[in-house]
Amino acid sequence: DEIEQRLALVDWRQVAVSSSGNVTLGQPNMSLNLGGVAKGFIADRAARIMKKKGVKRGIVDAGGDLVLFNAVGEEPFRVGLKHPERPDAKLAVLEVDSAAVVTSGCYERYVEIAGKRVCHIIDPRTGNPVEGLLSTTIVAEEAASADALATAVMVLGLEKGQALIRSLPGVEGLLVWKEGEKLAWWISEGLQ
């Protein structure tokens, strides 16, 4: 019953932004949570400020949301992606010149209920935690977009998530899930 009541408050059409930037929510108990884009937005802003101040090569790390920028001709950065089941291991290492790299997953923020990990990411269509993907890494031009996309792909799941990544120019992705007891993954063509 509580989920059903709260789902009535999940509706972007009930959020109005005036020309002066004031935000009005359509119901008294509605609230906005920018957790799906805030760290990426902050990382993008920090990188812009650094570049404006003359920094030619840098990494902004906003809690795992990365913005990497590089001078032409410099060595690319090597970015390790955590293994979703072994915190001391890397799943992959990406070579990145200048881009945002953001991972959303269910392996660091979760609760255990009856011995089962329950993800912190909630599907706004159902009000339930997402299931299926263990992690989604997005590589894109801006971290705010990558942050939003990583969370959206976690909600969409494997097939719809792949389709979304393929449909967006300049966006690449790595999706990880379990097949039985083994990890499986999909890597977009441009990221391979």
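Below is a summary of the structure that appears in this document. Since the model is a prediction, treat every value here as computed from it, not as a measurement.

## Side note on the packing of helix 2 (residues 38-52) against helix 3 (residues 143-156)
Between helix 2 and helix 3, whose axes approach to 7 Å, the crossing angle comes to 165°. Taken as axis vectors, helix 2 and helix 3 run roughly antiparallel relative to one another. Handedness of the crossing formed by helix 2 with helix 3: right-handed. Contacts between helix 2 and helix 3 involve A38, K39, G40, F41, A43 and D44 on the former and, on the latter, A143, A144 and D147. Taken together, the residues that form the contact of helix 2 with helix 3 break down as 5 nonpolar, 1 polar and 3 charged.

## Some words on a nonpolar patch on the surface
The grouping of V17, V23, L32, L34 and V37 at the surface amounts to a nonpolar patch, some 450 Å² of accessible area in total. With respect to the helices, strands and loops of the structure, L34 is situated in the loop between strand 2 (23-25) and helix 2.

## Overview of the nonpolar core
The biggest cluster of nonpolar side chains holds 28 residues, and the ones touching the most others in it are V130, I138, I165 and L175. Looking at this core, the elements that each hand over two or more residues are helix 2, strand 3 (58-62), strand 4 (65-69), strand 7 (99-105), strand 10 (133-140), helix 3, strand 11 (172-179) and strand 12 (182-187). It is helix 3 that provides the largest number of residues to this core, a total of 7 residues. Excluding residues within four positions of it along the chain, V130 makes contact with C106, C119, I121, I122, D123, M154 and V155.

## Looking at the packing of helix 3 against helix 4 (residues 158-167)
Relative orientation of the contacting elements helix 3 and helix 4 amounts to 145°, with a least axis distance of 6 Å. The segment helix 3 lies against helix 4, with L149, V153 and L156 engaging L158, K160, G161, L164 and I165. Looking at the contact of helix 3 with helix 4 residue by residue, the classes come out as 6 nonpolar, 1 polar and 1 charged.

## Focus: the state of the cysteines
In protein chemistry, a disulfide is the covalent bond that joins the sulfur atoms of two cysteines. A full pass over the atoms with the stated rule returns 1 disulfide. Paired by a disulfide, C106 and C119 hold their sulfur atoms 2.0 Å apart. On the S-S bond that ties C106 to C119, the torsion sits near -75°, and the link is left-handed. Linking C106 in the loop between strand 7 and strand 8 (110-113) with C119 in strand 9 (residues 116-119), this pair joins segments that are 13 residues apart in sequence. Here C106 matches C119 in class, with each residue buried.

## A short note on the sheet that holds strand 10
Strand order in this open sheet of 6 strands is 3-4-7-10-11-12, and the pairing throughout is antiparallel. Here the strands that pair on one side only, and so sit at the sheet edges, are strand 3 and strand 12. In this sheet, neighbouring strand axes are inclined to one another by 15° on average, regardless of whether the strands run parallel or antiparallel. With 3 bridges connecting them, strand 4 and strand 7 associate as antiparallel partners. Of the residues in strand 7, the one forming a bridge with L66 is V101. Strand contacts of helix 3: strand 4, strand 7, strand 10 and strand 11, with the helix running at about 155° to strand 10, the strand carrying the most contacts. Of the strands in this sheet, strand 10, strand 11 and strand 12 touch helix 4, which is tilted by about 170° from strand 11.

How each quantity is defined
- Residues numbered from 1 in each chain as written.
- Predicted model: local features only at pLDDT ≥ 70, side-chain atom pairs only at ≥ 80, totals over all residues.
- Heavy atoms only, no water.
- Axes fitted to C-alpha atoms, helices over the stretch in contact; angles between N-to-C directions.
- Helix = DSSP H or I, 4+ residues; strand = E, 2+ residues; numbered from the N terminus.
- Parallel < 35°, antiparallel > 145°, perpendicular 65-115°, else oblique.
- Left-handed = near helix turned anticlockwise from the far one by under 90°.
- Contact = heavy atoms within 4.5 Å.
- Nonpolar A, V, L, I, M, F, W, Y, C, P; charged D, E, K, R; others polar.
- Patch = residues over 30% accessible without salt bridge, like charges linked within 9 Å, V, L, I, M, F, W, Y side chains within 5 Å.
- Areas by Shrake-Rupley, 256 points an atom, 1.4 Å probe, with all protein chains shown as cover.
- Salt bridge = Lys/Arg side-chain N within 4 Å of Asp/Glu carboxyl O.
- Core = buried A, V, L, I, M, F, W, Y, C linked by side-chain atoms within 4.5 Å.
- Buried < 20%, exposed > 50% of the residue type's maximum accessible area, 1.4 Å probe, protein only.
- Disulfide = S-S within 2.5 Å.
- Pairing = 2+ DSSP bridges.

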